[in-house]
Amino acid sequence: GESVGLHLPTLSVQEGDNSIINCAYSNSASDYFIWYKQESGKGPQFIIDIRSNMDKRQGQRVTVLLNKTVKHLSLQIAATQPGDSAVYFCAERDDKIIFGKGTRLHILP
Amino acid sequence: GAVVSQHPSWVICKSGTSVKIECRSLDFQATTMFWYRQFPKQSLMLMATSNEGSKATYEQGVEKDKFLINHASLTLSTLTVTSAHPEDSSFYICSGGTADRYTFGSGTRLTVV
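Worth saying up front: this structure is predicted, and the values here are computed from it rather than measured. (Residues numbered from 1 in each chain as written. Chains lettered and ligands numbered in written order. Predicted model: local features only at pLDDT ≥ 70, side-chain atom pairs only at ≥ 80, totals over all residues. Heavy atoms only, no water.)

Q: Teacher, can you tell me more about the nonpolar core here?
A: It is characteristic of soluble globular proteins that their nonpolar side chains tend to be buried jointly. If you look at the biggest cluster of nonpolar residues, it comprises 25 residues, and the most contacted ones within it are B:Trp35, B:Tyr58, B:Phe67, B:Ile69, B:Leu79, B:Tyr92 and B:Leu110. Among the secondary structure elements, those contributing two or more residues to this core are strand 2 (10-13), strand 3 (19-25), strand 4 (32-38), strand 5 (45-51), strand 7 (67-73), strand 8 (76-81), strand 9 (90-97) and strand 11 (108-112) of chain B. If you tally residues by element for this core, the top one is strand 3 of chain B, at three residues. Sequence-distant contacts of B:Phe67, defined by excluding residues within four places in its chain, comprise B:Arg37, B:Met47, B:Tyr58, B:Val62, B:Leu79, B:Thr80, B:Val81, B:Asp88 and B:Tyr92. Counting 20 residues, the second largest nonpolar core, distinct from the first, contains A:Cys23, A:Leu73, A:Leu75 and A:Ala86. (Core = buried A, V, L, I, M, F, W, Y, C linked by side-chain atoms within 4.5 Å. Buried < 20%, exposed > 50% of the residue type's maximum accessible area, 1.4 Å probe, protein only. Helix = DSSP H or I, 4+ residues; strand = E, 2+ residues; numbered from the N terminus. Contact = heavy atoms within 4.5 Å.)

Q: How should I be thinking about the pattern of salt bridges in this particular structure?
A: It is possible for side chains bearing opposite charge to pair when their charged atoms get close. All names here are of chain A. What the rule picks out here adds up to seven salt bridges over all chains. Among the salt bridges present, the one from aspartate 49 reaches arginine 57, with a minimum N-O distance of 2.2 Å. Judged by relative accessible area, aspartate 49 falls into the buried class, the value being 10%. A salt bridge links arginine 61 to aspartate 84; the nearest nitrogen and oxygen atoms lie 2.9 Å apart. Taken together, the residues span a long stretch of sequence, with arginine 61 in the loop between strand 6 (56-58) and strand 7 (62-67) and aspartate 84 in the loop between strand 8 (72-77) and strand 9 (86-93) at a distance of 23 residues. Taking relative accessible area as the criterion, aspartate 84 reaches 6% and is therefore assigned buried. (Salt bridge = Lys/Arg side-chain N within 4 Å of Asp/Glu carboxyl O.)

Q: Before we go on, may I ask you to explain the interface of chain A and chain B in this structure?
A: Many authors give the size of an interface as the accessible area that is lost as the parts come together. Facing 18 residues of chain A, the contacting portion of chain B comprises 19 residues. Across the chain A/chain B interface, buried area totals approximately 1,400 Å², and carbon plus sulfur atoms make up 54% of it. At the boundary of chain A and chain B, one finds one salt bridge. Residue B:Glu59 pairs with A:Lys96 through a salt bridge whose shortest N-O separation is 3.0 Å. Where chain A packs against chain B, one counts four residue pairs in polar contact (both at pLDDT 80 or more). Of all the elements in the fold, those that place two or more residues in the side of chain A that touches chain B are strand 4 (32-38), strand 9 and strand 10 (97-99) of chain A. Class assignment of the residues belonging to the side of chain A that touches chain B gives a composition of eight nonpolar, four polar and six charged. (Buried area = accessible area lost by both parts, 1.4 Å probe. Polar contact = N/O pair within 3.5 Å; in protein donor to acceptor, adjacent residues only side chain to side chain. Nonpolar A, V, L, I, M, F, W, Y, C, P; charged D, E, K, R; others polar.)

This is the structure we're talking about:
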């Protein structure tokens, strides 16, 4: 069954504010997590990944935090822009990639 | 690197017919590719793992006789939806890559009428 899930189905954020998307996982043995962005009618795009030997990883305007104690990870998007509007999935990868439920990020003007 | 090309981007077919979706690796050799299905407002669900030169591995609940997977070369995997029914209408997405990174095709919107 699915081992990766998300807390909220929809998140509305004011343009320019920071967005935080959360994800919980159940398999404590999981050691590699990925965040994907999916725009309408398209395949998922890689955003950022993190391995279990790290707590934090930063990219361009994005940061992923991993809390292994509570089996939780989050994606932070700084200065949210209209182009960030999409569905965001966390995923777990071992020999295959298993997706969580997804959070739709809606940008308010 | 790891570019995956999926074709067609959309297809409409009549009930009872079969539809083939292609997934090509453009700049790498894909010994393994993955096929996902996504219903509206839902997540991607893994259907099967396509293995070059051998049988595909199907996830629990996926009918192998209905969703035929062929991976005869290192650059092409195909998914054929046989005897399609309206409930097979969905967004099908393939994925492939290297040990470092998997990428996804642009998806195929299948509508069965």
